[in-house]
There are 2 protein chains.
Amino acid sequence: MTRTTVNMSISLDGYIAGPDQSEENPIGIGGTDLHQWHGFGGAASNSADQAATDALMRQRGAVVMGRNMYGPIRGEWGDTDWRGWWGDEPPYHSPVFVLTHHEHEPIEMEGGTTFHFVTTGFESAYEQACAISGPDGEVLVSGGASTVRQALLAGVVDEISLAINPVVMGSGERLFEGITGLDLEIANVIVSPNVTHVHYLVKH
Amino acid sequence: MTRTTVNMSISLDGYIAGPDQSEENPIGIGGTDLHQWHGFGGAASNSADQAATDALMRQRGAVVMGRNMYGPIRGEWGDTDWRGWWGDEPPYHSPVFVLTHHEHEPIEMEGGTTFHFVTTGFESAYEQACAISGPDGEVLVSGGASTVRQALLAGVVDEISLAINPVVMGSGERLFEGITGLDLEIANVIVSPNVTHVHYLVKH
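Remember, predicted model here, so these are calculated numbers, not experimental data. (Residues numbered from 1 in each chain as written. Chains lettered and ligands numbered in written order. Predicted model: local features only at pLDDT ≥ 70, side-chain atom pairs only at ≥ 80, totals over all residues. Heavy atoms only, no water.)

Draft legend 1. Seen up close, the interface of chain A and chain B. Contact residues are listed per partner, giving 30 residues for chain A and 30 residues for chain B. Interface area lost by chain A to chain B is led by Leu12(A), Val168(A) and Ile186(A), which between them contribute 26%. Joining chain A to chain B, the criterion identifies zero salt bridges. Viewed at the interface, chain B and chain A are joined by six residue pairs in polar contact (both at pLDDT 80 or more). At the level of elements, strand 8 (159-164), strand 9 (167-168), strand 11 (182-191) and strand 12 (196-202) of chain A are the ones that each hand at least two residues to the side of chain A that touches chain B. With seven residues, strand 11 of chain A is the largest single contributor of residues to the side of chain A that touches chain B. A per-class count over the side of chain A that touches chain B returns 18 nonpolar, seven polar and five charged. Here strand 9 of chain A pairs with strand 11 (residues 182-191) of chain B via two bridges, running antiparallel. Looking across to strand 11 of chain B, one finds that Val168(A) is bridged to Leu182(B). (Contact = heavy atoms within 4.5 Å. Buried area = accessible area lost by both parts, 1.4 Å probe. Salt bridge = Lys/Arg side-chain N within 4 Å of Asp/Glu carboxyl O. Polar contact = N/O pair within 3.5 Å; in protein donor to acceptor, adjacent residues only side chain to side chain. Helix = DSSP H or I, 4+ residues; strand = E, 2+ residues; numbered from the N terminus. Nonpolar A, V, L, I, M, F, W, Y, C, P; charged D, E, K, R; others polar. Pairing = 2+ DSSP bridges.)

Next up, the structure:
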């Protein structure tokens, strides 16, 4: 079985994005604050956060993400030349399966990332990601909340890493909305002054 | 200024009690699971959880709690002889100010706990607790969620200790419901295999 992992930055009240997500505020208002700890491609501010950043950025066999994580475009793609938030060389270096209701040709980026657009639902995208990763590989379900919830409800998530931020947001998008009775086991904690990194195993 | 603290056991999705609170399930269905780490007056299962238990149980100058934390009775007290969930000797060993809409004579328990019933609101109860604790003392706002939120909205909370359980409950009572933009600072983390104890300072 392909190891399937989730890695999210979350507030104390369970939000992974602020309200009013848009092209200007892709993680919603205040959402960027949840990610300050990893330095956004620069260096983290301490060795604990750098260790967690290295874990977040490790090479996977494939990635599954929701369309809103890929871009701000809703509805038909039209003649947009949008190629993701990440510039010419996205940090995935592997095939990325983007869930969408609208067909789109694959987009090959620099550094090994290719965006594949899947219109047949989460399970189909996940099966393709597993086939590429192989039974000894890893699939990252990278977000957003809706895609992670689909993975949780499908029962395929093996590990969840959370960067628990010392902030209460009060509104936005909750990671676990509608998920009940999920039992986890604490595998590892990385203590940082900025955020508490907890690595959980899902009890299947 | 009297140091004012909160100490709660919480799920990853922000719940401090399960649904359907009752005399049989005072913390709601599944809510007791959030407190397994401290052993319920027995010993904790490891030294990390015991250190967090010792911090939870330390002597305060006074305590403020909501009526639902004191007991399951709603409306008029009637002729009940209810004296709290904790038996003859509650673990507080100090005055406890219970918020209620219905007057009741104080109840003196063994070991130094006296329950005082306050019908004039949170700020009144909090002022009485501070007066008894003194400027160098400590007031614990012990719960439930509604009482903690009143303390947060009043801006009087200095420190929040959370025992973050590796469970997603999906329903029940959320600690931070309606609280927005609360910024905290991580002061200390105690790592246990059962629960992650994070001690936060409130940025005033």
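Read on, since the account is not over.
Draft legend 2. Up close: unusual backbone geometry. Residues and elements named next belong to chain A. Following Gly 143, the chain continues to Gly 144 via a peptide bond in cis, the omega torsion being -5°. One non-glycine residue, Asp 20, lies in the positive phi region at around 60°. Here Asp 20 is to be found in the loop between strand 2 (15-17) and helix 1 (47-56). One non-glycine residue, Phe 40, adopts positive backbone phi at about 50°. By the secondary structure assignment, Phe 40 is in the loop between strand 2 and helix 1. Classification of Phe 40 as partly exposed rests on a relative accessible area of 44%. (Buried < 20%, exposed > 50% of the residue type's maximum accessible area, 1.4 Å probe, protein only.)

Draft legend 3. Region of the structure containing the pairing of strand 7 (residues 138-143) of chain B. Residue and element names in this part refer to chain B. For strand 7, the buried fraction is high: six of the six residues fall into the buried class. Pairing of strand 1 (residues 3-10) with strand 7 involves four bridges; the strand directions are parallel. The residue of strand 7 that forms the bridge with Val 6 is Val 141. As paired strands, strand 3 (residues 62-66) and strand 7 are joined by four bridges and run parallel to one another. Residue pairing for strand 7: Val 63 is matched across the bridge by Leu 140.

Draft legend 4. Representation of helix 3 (residues 122-133) of chain A in the model. Residue and element names in this part refer to chain A. Between its first and last C-alpha atoms helix 3 spans 16 Å; for 12 residues at 1.5 Å apiece the expected length is 16 Å, and the two agree. Taken as a whole, helix 3 has its buried residues at Phe 122, Ser 124, Ala 125, Tyr 126, Ala 129, Cys 130 and Ser 133. Contacts from the buried residues of helix 3 go to strand 1 (3-10), strand 3 (62-66), strand 4 (95-99), strand 6 (114-118), strand 7 (138-143) and helix 4 (145-153). The positive-phi residue at the C-terminal boundary of helix 3 is Gly 134, with phi of around 80°. (Expected span 1.5 Å × (residues − 1).)

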